[in-house]
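Secondary and tertiary structure notes
Residue strings, one per chain:
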Amino acid sequence: MDEARGTFVAVFLYPDDSAESLSKRLPIVGAGPPAVIRAASAFEGAAAVDVFRLVDASAWPEAAAYLYEGTVPGTVADSEGVEQVTTPDD
């Protein structure tokens, strides 16, 4: 496991280089990587959530890659502005 015990690096990818990829260190909350990560965002001044789906977990538990799926209206409850969803049923 990496030096920050109990965490992994989530790499957020955007299709067709529509935005620059970024990464964030998140706590490990289950036995495997979360299927979906929702990140607080804004869309035309309103609260929104960027949705990212797991695309590569080959480096788990050190890292996992997520592909941007879209932005939807809403908020996340987590104070860090990121919500991990363990199942893809959202």
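Shown above is the structure to which this text applies.
Here's what I pulled together on the structure shown here. (Residues numbered from 1 in each chain as written. Predicted model: local features only at pLDDT ≥ 70, side-chain atom pairs only at ≥ 80, totals over all residues. Heavy atoms only, no water.)

As a further point, take the overall build of the protein. Assigned secondary structure in the protein consists of 0 helices and 6 strands. For the protein, the α and β elements follow one another from N to C terminus as β-β-β-β-β-β. Buried residues in the protein amount to 31% of all 90 residues. Within the protein, contacts between residues separated by at least 24 positions form 51% of all contacts whose residues are at least 6 apart in sequence. Counting every atom, the protein has about 5400 Å² of accessible surface; 52% of that belongs to carbon and sulfur. Placing the 5 positive and 15 negative side-chain charges of the protein at their respective mean positions leaves the two points 7 Å apart. (Helix = DSSP H or I, 4+ residues; strand = E, 2+ residues; numbered from the N terminus. Buried < 20%, exposed > 50% of the residue type's maximum accessible area, 1.4 Å probe, protein only. Contact = heavy atoms within 4.5 Å. Areas by Shrake-Rupley, 256 points an atom, 1.4 Å probe, with all protein chains shown as cover. Lys, Arg positive; Asp, Glu negative; His and termini not counted. Charge placed at Lys NZ, Arg CZ, Asp CG, Glu CD.)

One open sheet accounts for 6 strands, arranged 2-1-5-4-3-6; its pairing is mixed. The open sheet has two free edges, formed respectively by strand 2 (22-27) and strand 6 (82-85), since each of these has just one partner strand. Neighbour-to-neighbour, the strand axes of this sheet turn through a mean angle of 35°, independent of strand direction. In terms of strand pairing, strand 1 (residues 7-13) meets strand 5 (residues 63-73) through 5 bridges, oriented parallel. Directly across from Leu 13, in strand 5, lies its bridge partner Leu 67. (Pairing = 2+ DSSP bridges. Axes fitted to C-alpha atoms, helices over the stretch in contact; angles between N-to-C directions.)

Next up on the list: the side chain of Asp 50. Mapped onto the fold, Asp 50 is located in strand 4 (residues 46-56). The side chain of Asp 50 sits in the buried core without any salt bridge; Arg 38 is the nearest counter-charge, 11 Å away. Non-local contacts of Asp 50, meaning those with residues more than four positions away in its chain, are made with Tyr 14, Ile 37, Arg 38, Ala 39, Ser 41, Tyr 68, Gly 70 and Thr 71. (Salt bridge = Lys/Arg side-chain N within 4 Å of Asp/Glu carboxyl O.)

This brings us to the packing of aromatic side chains. As enumerated under the stated definition, the model contains 6 aromatic pairs in all. Pairing Phe 12 with Tyr 66 gives two aromatic rings, centres 6.3 Å apart and planes at 40°, and the pair type is tilted. Of the two residues, Phe 12 sits in strand 1 while Tyr 66 sits in strand 5, which places them 54 residues apart along the sequence. Among the residues examined, Phe 12 registers a relative accessible area of 4% and is labelled buried. (Phe/Tyr/Trp six-rings, centres within 6.5 Å; stacked < 30°, edge-to-face > 60°.)

Once that is clear, we can look at the nonpolar core. Residues Phe 8, Ala 10, Phe 12, Tyr 14, Leu 26, Ile 37, Ala 39, Phe 52, Trp 60, Ala 64, Tyr 66 and Val 82 constitute the largest nonpolar core, which totals 12 residues. Residue assignment for this core shows that the elements contributing at least two residues are strand 1, strand 3 (36-43) and strand 5. The element contributing the most residues to this core is strand 1, with 3 residues. (Core = buried A, V, L, I, M, F, W, Y, C linked by side-chain atoms within 4.5 Å.)

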